[in-house]
Amino acid sequence: MKYKIIGSLMFLYGLMLEGETCKIAFRLDDIQDFWLGEAQRQVIDKFVTYDVPLTIGVIANFFGSDPQIVSYLQNVTTNYPIEVAEHGWNHEDFTHYSYSEQYNKLNQSRFRIRQSLPQADLVTFIPPFNAFNAETLSAMSDLGYTHLSSSVGIDSGPFSNTKPIYHYPVGASTDSFNNNPVGVPASRTLEQIQTQIQTYGWSVVMLHPQEFNNNTTMLFELSILLEQVRTLGCSLCLLRYMHLPPDIFPEGPFPCVSTSGQSTQTGTTGSTGLTGLTGTTGSTGSTGSTGSTGLTGLTGTIGSTGSTGLTGTTGSTGTGKGTTGTKGTRVGVTLAGASTIRPDEESSANVVEAPLRWIVLVMLYLYFFM
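Residues numbered from 1 in each chain as written. Predicted model: local features only at pLDDT ≥ 70, side-chain atom pairs only at ≥ 80, totals over all residues. Heavy atoms only, no water.

Peer 1: Can you explain the nonpolar core? Please cite residues and give values.
Peer 2: Within the largest apolar cluster, 45 residues are counted, with the highest numbers of intra-cluster contacts made by Ile24, Phe26, Ile44, Phe47, Ile56, Leu73 and Ile193. Of all the elements in the fold, those that place two or more residues in this core are strand S1 (23–31), helix H2 (37–49), strand S2 (54–58), helix H3 (67–79), strand S3 (82–86), helix H6 (186–200), strand S8 (202–207) and helix H7 (216–229). With six residues, H7 is the single largest residue contributor to this core. The next biggest cluster of nonpolar side chains, apart from the first, holds 13 residues, and it includes Val204, Met206, Leu238 and Leu244. (Core = buried A, V, L, I, M, F, W, Y, C linked by side-chain atoms within 4.5 Å. Buried < 20%, exposed > 50% of the residue type's maximum accessible area, 1.4 Å probe, protein only. Helix = DSSP H or I, 4+ residues; strand = E, 2+ residues; numbered from the N terminus.)

This is the structure we're talking about:
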C-alpha cells in the first residue's frame, strides 16, 4: 500500500513539473432497450452524483421502444453532462462491411437515435468490438462525425488528433478487458488511467452495464473510482471535448469539469474531526482542584512522621537529642498545617515538596493526555 501511495505522489509531481493539464473521459457501452435497465440507470446516476461527464454508446436498432430507459435518457442527457454516442446499428463489426455499407449504417443509426433523443448531437462513434478501418474513418468524416473511441490494442497511435477525426481509444476499464466483462477493483482501473496519461497525456475509461448488474460491490468500487479521479488534478471531459486545449471553452452546454486535485468528500470529513477535538479539550478543564487536595493529603502524612522524633527523649544522652525530637515535631506540624516555615527549616521543607510537585504533575499529565 505504501508503494502505491508513493507512486501516486510521484505521478502527481510529474504532472506539476510538466505544467500540462491531463484529461480523462469515461464511456459506457451497450446502452439499449429492455436489457439491464436498472444497472444502466445506476451507473449513469453515479456520474451525475459525482459531477463527472459521461459518454454513453447507444446501439441504435436496439433503442427507442423502452419508455423507461428512453424517458430517463431524455432527462439526463438534457440536464447533465451526458453525451450520446453511436455504438453501431446491431452491435456489428464494421470491418466486415464496405464503405457504402458502413456509411448507411452510421447514417441510419444517427436517424434512429434522434427519433427518441432529438437533442443528441451524435459526433462520436464507439465502434462495436472497438473494430474499425480506413472505410470507417471515411464514412465518419463524410457524415460529420468528429471523434472515434476504439481501444489502444487496436488504435495505438501515434495520434495527431486533428480534423477530420480525433482518436481517443480506451486504455483503462472497470472490467477485465475480455468478451465476458468481470468487474475489477477501482485501484486497478486507476493504475491503468495513470499509465495511459503518462503515455498520451489523457485517458479514456470503458464501462459496461454487465459489470454492475446486481453487484453492489462494483457500484461501490465505481464510487471510489469517481472520487479518486477527482484528486488527480485532471480535467474530466466528454469524448467530444477531449481535443480542446484547457483554455478553450467548449461550444456545447457542458464544458469539461476541472478538478483541483482534492477530494470534496475528504474535506468534509476533516472539518468534522476538528470540531470533535475542540469539544474534547473543553470538557476536561476543571479537574485542577482534585490535584491540590491530593497534595495536602500527602504532605500531612509526611508531617506526622516527624513526631517519631519524640522517641529520642527516652535516651540518656540528654538535651541534644531532645531538641532534635522537638525540631522534628515542628517540621511535622508546620507541613501538616501549612503555616510559616522558619528559615532553618526551609531546605528540609523543599526536599519534601519538590518530589511531590513532580508526582502531581506526572499524575495530571497522565490523566489529561494518556
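Structure's up, so let's keep going.
Peer 1: If you had to explain the pattern of salt bridges to someone new, which residues and values would you point to?
Peer 2: Two side chains bearing opposite charge may form a pair once their charged atoms approach each other closely. Across all of its chains, the model carries three salt bridges by this definition. One salt bridge connects Glu92 with Lys105, and the closest N-O pair in it is separated by 3.1 Å. Pair noted here: Glu92 is in the loop between S3 and helix H4 (99–116) and Lys105 is in helix H4, with a separation of 13 residues, a long-range link. (Salt bridge = Lys/Arg side-chain N within 4 Å of Asp/Glu carboxyl O.)

Peer 1: So what's going on with the packing of H2 against H7? Which residues, and what values?
Peer 2: Between H2 and H7, the least distance of the axes is 10 Å, while the angle of their chain directions is 25°. Classified by the interaxial angle, the pair formed by H2 and H7 is roughly parallel. For H2 against H7, the interelement crossing comes out right-handed. Residues Gln42, Val43, Lys46 and Phe47 of H2 lie in contact with H7, whose contacting residues are Leu219, Leu222, Ser223 and Leu226. (Axes fitted to C-alpha atoms, helices over the stretch in contact; angles between N-to-C directions. Parallel < 35°, antiparallel > 145°, perpendicular 65-115°, else oblique. Left-handed = near helix turned anticlockwise from the far one by under 90°. Contact = heavy atoms within 4.5 Å.)

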